[in-house]
Amino acid sequence: MRYSDVKRKLINLFEPSKLEGKLNDEWGFLSEFDKDIQTIGYATNLSVNVVDEAARNNVDLLLTHHNVWDFMYDLKEKCAELLKRHGIIHDWFHLPLDDADFGTSAFLANALGLQETQKANPEGIYMCSVIGKCEPSITGEYVLYSQLYAESVGINLLAGSHTNTEIFGVEQMVLRLVTNTDIKAIRIFEENY
Ligand SMILES: [Zn+2]
């Protein structure tokens with residue numbers, strides 16, 4: 001399938017209102033040109049290691065949840081240069097994926113069998129978390145403050161890691177793209193803790 005068709009399909013996974021205006025910073029395309037897409041690689045983060053691993057797996061299109069953040073010195077330029085050198089397209093979807101019915105928070109909540117889930121943690125038009133009936137509180141990033149607060153109110157806190165808890169949303173996005181096509185999907189290994 002041509003990239004232009006994959007891109008159209010990708011964008012159609014989201015409500016148009018969630019991809020508009022200045023909130024564009026929350027999704028985008030770091031490396032983009034039209035080519036035939038045979039293999040899609042996916043990961044939570046964009047990093048030099050992820051691009052190298054994608055290249056080793058002959059990935060044509062790399063999909064991630066996060067782009068490189070601007071404060072990370074020259075890492076974005078390094079990744080862009082590496083993507084270009086390997087001829088890999090890169091697209092990322094951050095808050096629109098957190099908010100999507102099939103995305104980061106919704107998938108995790110369903111997989112854990114949470115009841116009466118409601119969306120929470122608004123960031124502009126995006127709801128980035130869900131609340132449900134569940135004994136422990138589950139978070140991605142370990143933060144000392146959360147640990148101390150959870151301890152003080154008697155909540156069991158599970159720190160699943162930022163990368164591990166968010167990969168399922170990316171995976172759901174990729175599955176929706178490749179189902180009923182001959183495109184291969186590969187999860188790119190990322191070191192994380
Ligand atoms: Zn994240």
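Residues numbered from 1 in each chain as written. Predicted model: local features only at pLDDT ≥ 70, side-chain atom pairs only at ≥ 80, totals over all residues.

*Asks:* Could you clarify how one ought to interpret the packing of helix 5 (residues 104-111) against helix 7 (residues 162-178) in this entry?
*Replies:* A pair of packed helices is characterised by two quantities: the angle between their axes and the separation of those axes. Put simply, helix 5 and helix 7 touch, their axes get as near as 8 Å, and they point 105 degrees apart. Classified by the interaxial angle, the pair formed by helix 5 and helix 7 is roughly perpendicular. Listed contacts from helix 7 to T104, F107, L108 and A111 of helix 5 are T165, E166, F168, G169 and Q172. For the contact of helix 5 with helix 7, the residue count by class is four nonpolar, four polar and one charged. (Axes fitted to C-alpha atoms, helices over the stretch in contact; angles between N-to-C directions. Helix = DSSP H or I, 4+ residues; strand = E, 2+ residues; numbered from the N terminus. Parallel < 35°, antiparallel > 145°, perpendicular 65-115°, else oblique. Contact = placed C-beta atoms within 7 Å. Nonpolar A, V, L, I, M, F, W, Y, C, P; charged D, E, K, R; others polar.)

*Asks:* What exactly am I supposed to notice about the domain arrangement of the protein here?
*Replies:* For an interface, size is often stated in terms of accessible area lost upon the parts coming together. As assigned here, the protein comprises domain 1 (3-93 + 166-187) and domain 2 (99-162). Spacing between the C-alpha centres of domain 1 and domain 2 amounts to 25 Å. The interface of domain 1 with domain 2 comprises eight residues on the first partner and 12 residues on the second. (Domains from an automatic or database assignment.)

*Asks:* How should I be thinking about unusual backbone geometry in this particular structure?
*Replies:* For Y73, which is not glycine, the phi dihedral falls at a positive 50 degrees. Summarising the element assignment, Y73 is placed in the loop between strand 3 (61-64) and helix 3 (75-86). One non-glycine residue with positive phi stands out, namely S161, at about 90 degrees. With respect to the helices and strands, the residue S161 is situated in the loop between strand 8 (157-159) and helix 7.

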